[in-house]
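Single-letter residue listing:
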Amino acid sequence: MASAPSRPLILLVVGALQIPLVLAALPARAASALAAWALGSDGVLQLRTSRGARLEAFFQPADGAQGAKVWIDFPGELSRSRSLRGSGPVRAIRLGKPTPGSTRLVIEFKPSISLNPNQLKLIGTSPDRWKLNFEGLPTRGLRPIGEGDLTASTLSRWAPGIRITPTRTPINASGLPNVPRGRFRVVIDPGHGGPDPGAIGIRGVRETDVVLDVSLQVAQLLEARGVQVIMTRTADVDVDLPPRVAIANRVGATAFVSIHANAISMSRPQVNGIETFYFSDSRSARLASHIQQQVLNVSPGSPNRGVRRGRFFVIRRTTMPSALVETGFLTGRLDAPRLASAAHRRKLALAIATGILNYLQGVR
Ligand SMILES: [Zn+2]
């Protein structure tokens, strides 16, 4: 079926808070400019983006069983496509990357909902904040939904978030599996960094900080076992995805491991669990399952979401066996307090290092 024509929404720029529309300084494959979003029960969508990001918004009317859609395109590549169930007038909210290096937030309404696009305006309220009021939307049954911290980097109406900094206490590698010293080279990729904090969870815990602390300790442990480690970042700086992959491919590494923490809507704290992704080959699958097993061991009660095939850029484009581990949900009732705890992050590091060493023991 041919889809109904879509039309751009009016991008309204507030006079006093001029938004430099041409300041789209993000490189094509930078991290997504979308940092946080929320749709309130009042039918107002709020966004936080990188400062000066160039947004484009579109409207497509309902067409038969297809409800009306409003979508907003952002520069920078989304880390992971996802779909969230809506409520009331909203059928679903999806985050995707229509083209490499871009991010699209789609709000799909139920087929019975009609909206007047002339009343829809995406308004910049400051260089990094936006509002879209779904004027005339019947908000009955609409529950607030969103991801990330809308208030970050401004005066917060919420309690200040927990800030995690890398541990300085040396970590003890005794008890870890042995591998021949000097034989292996492993790339450790702490997900996100810089302007891209990754997921933001309960009490404002940021994925970028959690995974950096874990990754630095994994590196220490592997080095103590005579494995040469190359980190894609060692501080809170942004590295675009292609350079991460280029680093990995250039150094002739034996394995590549990207370390992340998961997130879902804040309204779903019951979702917890561990999952590890690989792209396609059997060696990557083996690396992923070694890591998954070890992380599960230190995460009692957290569901096993499995070793799964995934199309994340960093594991798809690396030439050596590679895996991406999601160490728990920053939005999960069970996982979030753990990820915020230094003691648990140490256990995670020991687990991931053990999984990598177990894998290396099988490399011929
Ligand atoms: Zn991540």
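Residues numbered from 1 in each chain as written. Predicted model: local features only at pLDDT ≥ 70, side-chain atom pairs only at ≥ 80, totals over all residues. Heavy atoms only, no water.

Draft legend 1. Representation of the packing of aromatic side chains within the structure. Within this structure, the stated rule accounts for three aromatic pairs. Geometrically, the ring pair formed by Phe-58 and Trp-71 is stacked, given 5.6 Å between the ring centres and 25° between the ring planes. Placement of the pair is Phe-58 in strand β5 (residues 56–60) and Trp-71 in strand β6 (residues 69–75), with a sequence separation of 13 residues. Residue Phe-58 shares its accessibility class with Trp-71, and that shared class is buried. (Phe/Tyr/Trp six-rings, centres within 6.5 Å; stacked < 30°, edge-to-face > 60°. Helix = DSSP H or I, 4+ residues; strand = E, 2+ residues; numbered from the N terminus. Buried < 20%, exposed > 50% of the residue type's maximum accessible area, 1.4 Å probe, protein only.)

Draft legend 2. Focus on the sheet that holds strand β15 (residues 255–262). Across the sheet, six strands lie side by side as β14-β13-β15-β18-β16-β17; this open sheet has mixed pairing. This sheet does not close on itself; its edge strands, each paired only once, are β14 (228–231) and β17 (304–309). If you compare each strand with its neighbour and ignore which way they point, the axes differ by 20° on average. Alignment of β15 against strand β18 (residues 322–329), held across six bridges, turns out to be parallel. Bridge pairing in β18 places Phe-256 opposite Ser-322. Seen against the sheet, helix α1 (residues 207–224) touches β13 (185–190), β14 and β15 and runs at an angle of roughly 145° to β15. Against the sheet, helix α3 (residues 282–297) engages β15, β16 (274–278), β17 and β18, with an angle of about 170° to β16. (Pairing = 2+ DSSP bridges. Axes fitted to C-alpha atoms, helices over the stretch in contact; angles between N-to-C directions. Contact = heavy atoms within 4.5 Å.)

Draft legend 3. Main features of the side chain of Ser-302. Relative to the helices and strands, Ser-302 resides in the loop between α3 and β17. Here Ser-302 is in contact with Asn-272, Gly-273, Ile-274, Leu-296, Leu-334, Asp-335 and Arg-338, once residues within four sequence places are set aside.

Draft legend 4. Molecular detail of the coordination of the zinc ion. Within the first shell, the zinc ion binds the protein through His-192 (NE2), Glu-207 (OE) and His-260 (ND1), at distances of 2.1 to 2.2 Å. The sequence pattern formed by the donor residues of the zinc ion is H-x14-E-x52-H. With His-192 in the loop between β13 and α1 and Glu-207 in helix α1, this pair connects stretches of sequence that are 15 residues apart. When sorted by exposure, His-192 lands in the same class as Glu-207, which is buried. (Donors = N, O, S within 2.8 Å, 3.2 Å for Na, K, Ca; no water.)

Draft legend 5. The arrangement of the nonpolar core in detail. Grouped together as the largest cluster of nonpolar side chains are 47 residues, with contacts concentrated most on Ile-188, Val-218, Leu-222, Ile-352, Ile-356 and Leu-360. For this core, the secondary structure elements donating two or more residues are β13, α1, β14, β15, β16, α3, β18 and α6 (342–361). Element by element, the count of residues in this core is highest for α6, at nine residues. Setting aside residues no more than four positions away along its own chain, Leu-360 makes contact with Val-179, Phe-184, Val-186, Val-227 and Thr-254. Counting residues in each nonpolar core, the second largest holds 35 residues, with Trp-37, Leu-55, Val-70 and Leu-105 among its members. (Core = buried A, V, L, I, M, F, W, Y, C linked by side-chain atoms within 4.5 Å.)

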